[in-house]
Amino acid sequence: MSVLVCGGAGYIGSHNVKALIEQGEDVIVLDNLWTGHKAAVPEQAKFYKGDVRDGAILDKIFTEHKIDAVLHFCACSLVGESVEKPLLYFNNNVGGMQSLLEAMTRNHVNKIVFSSSAAVYGEPKSVPIFEDDPTNPTNPYGESKRIMERIMHWVGLAHNIKYVSLRYFNVAGARHDGSMGEDHRNETHLVPIILQVPLKKRSHVTVYGDDYKTKDGTCIRDYVYIEDLAAAHILALNYLRDGGESEIFNLGSGDGYSVMEMINAARKATGRDIPVEIGARRAGDPARLVADSKKARKILGWSPKVTRMEDIIATAWRWHLGHPNGYPDIE
Ligand code: NAD
Ligand code: UFG
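So, here is what we can say about the structure in this document. Here the structure is a predicted model, which means the values were calculated and not measured.

Quick look at the packing of aromatic side chains
For the structure shown, the criterion picks out four aromatic pairs. With 6.3 Å between their ring centres and 35° between their planes, Y121 and F169 make a pair best called tilted. Taken together, the residues span a long stretch of sequence, with Y121 in the loop between β5 (111-117) and α5 (140-159) and F169 in the loop between β6 (162-168) and β7 (170-172) at a distance of 48 residues. Note on Y239 and F249: the rings are 6.3 Å apart at their centroids and 85° apart in plane angle, and the pair reads as edge-to-face. In this pair, Y239 is assigned in helix α7 (residues 226-241) and F249 in strand β11 (residues 247-251), connecting sequence segments ten residues apart. What makes F249 buried here is its relative accessible area of 0%. Against the face of Y48 rests K46, its NZ or CZ located 5.0 Å from the ring centre.

Structure, rendered in structure tokens:
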């Protein structure tokens with residue numbers, strides 16, 4: 001049996017493809033290369049360039065391969081952009097889920113592992129955040145993920161499709177051997193932005209606000225290492241294969257780091273000076289997002305291995321040093 005990875009050319013998807021291959025899985029990748037890179041897809045995977053909203057290409061893949069489960073990473077995922085272009089987010093994210101579940105139903109595929117997000121919670125009343133805490137997204141991106149979860153719930157009941165929804169907190173780092181990393185051409189994520197300073201691609205990091213009610217006034221996030229995240233997907237896949245019921249899990253390390261602590265960790269990991277300027281708050285940023293991931297630890301047996309921020313940033317630094325221009329452009 002094969003596993004279909006939708007969005008497998010992206011940052012998180014490609015690391016998952018590699019991890020699946022290392023487990024001996026046969027992997028098929030579908031990606032429209034909007035933000036992903038063909039060069040990020042490990043060569044052992046069979047690659048289809050196409051859109052998850054295109055039912056015909058999904059039927060072709062399900063016909064050409066015996067697929068028992070789908071990992072679904074496709075999404076537009078920039079919070080700010082989602083506020084400006086909500087229809088793009090509902091079309092691509094919600095429309096992609098609809099199309100995928102329709103094709104899975106047509107082709108009798110009944111297991112899906114889905115990339116959800118801490119963005120479904122919005123501004124939490126308290127941290128750490130538990131899976132059954134209220135979900136009040138503060139932007140269309142988070143709303144699209146919440147809708148996608150609800151669609152899986154109802155379609156799952158009607159058509160006996162089991163799902164695991166993994167609500168990632170902030171994903172960071174690169175593959176331990178420096179061979180794969182994060183290459184978003186329109187970069188907004190904190191860790192790669194910090195590293196652009198020692199890479200001489202920007203003069204300083206702008207910290208979005210230092211007047212939050214946190215220990216040093218900057219926002220706190222829970223950063224989870226990319227390879228630990230990939231390990232959670234394999235556990236989720238095997239959980240479903242073992243007959244597990246549909247579930248939602250937070251994935252975070254459980255520790256909160258402020259933006260300034262991240263910059264200090266990057267200074268240590270790179271041995272370079274990283275100048276900082278304090279800027280305005282970024283609209284929609286919650287002050288504190290920290291996961292309670294005990295449920296994933298208990299039910300999936302997940303245990304993140306790399307949790308020291310300096311170590312996580314060191315893996316990203318290694319990749320960027322080896323790939324100063326990111327992945328090569330190949331189609
Ligand atoms: P990414 O942009 O690198 O990966 C997304 C991939 O999906 C890209 O390769 C893109 O080309 C592809 N894609 C998008 N729309 C598609 C479509 N309609 N058809 C086919 N392919 C399509 O993003 P990422 O950082 O790897 O994130 C992966 C998933 O994880 C996303 O769903 C994102 O919302 C979620 N997530 C990411 C983070 C994070 O910290 N990076 C946190 C929480 C959730
Ligand atoms: N930040 C800065 N300066 C920058 C970039 C970011 O100060 O140049 C700050 C942000 O304000 C925030 C923190 O660094 O406080 C992390 O920002 P990111 O943009 O790296 O990540 P977000 O927390 O905004 O969002 C990420 C993913 C979302 C996901 C969310 C879940 O991009 O997809 O984590 O926590 F939903």
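Focus on helix α8 (residues 259-270)
Over its twelve residues, α8 runs 16 Å from end to end, which matches the ideal 16 Å to within 8%, given 1.5 Å per residue. Regarding α8, the residues found buried are V259, M260, M262, I263, A265, A266 and T270. Contact partners of the buried residues in α8: α6 (190-196), β8 (205-208), β10 (223-225), β12 (257-258), β13 (276-279) and α10 (309-322). Just downstream of α8, G271 is the residue with a positive phi angle, here 70°.

Brief notes about the site of ligand 1
Near ligand 1 there are 30 residues, and of these D31, T35, N92, Y141 and K145 occur at the shortest range. W34 places a polar main-chain atom, nitrogen or oxygen, 3.0 Å from an oxygen atom of ligand 1. Contact distances for ligand 1 include 3.2 Å between an oxygen atom and a backbone N or O atom of V171. Residue assignment for the shell around ligand 1 shows that the elements contributing at least two residues are α1 (11-22), β5 and α5. With three residues, the single largest contributor to the shell around ligand 1 is β5. Residues belonging to the shell around ligand 1 are distributed by class as follows: 13 nonpolar, 13 polar and four charged.

Reading guide: rules and limits
- Residues numbered from 1 in each chain as written.
- Chains lettered and ligands numbered in written order.
- Predicted model: local features only at pLDDT ≥ 70, side-chain atom pairs only at ≥ 80, totals over all residues.
- Heavy atoms only, no water.
- Phe/Tyr/Trp six-rings, centres within 6.5 Å; stacked < 30°, edge-to-face > 60°.
- Helix = DSSP H or I, 4+ residues; strand = E, 2+ residues; numbered from the N terminus.
- Buried < 20%, exposed > 50% of the residue type's maximum accessible area, 1.4 Å probe, protein only.
- Lys NZ or Arg CZ within 6 Å of the ring centre and 35° of its normal.
- Expected span 1.5 Å × (residues − 1).
- Contact = heavy atoms within 4.5 Å.
- Near = heavy atom within 4 Å.
- Polar contact = N/O pair within 3.5 Å; in protein donor to acceptor, adjacent residues only side chain to side chain.
- Nonpolar A, V, L, I, M, F, W, Y, C, P; charged D, E, K, R; others polar.

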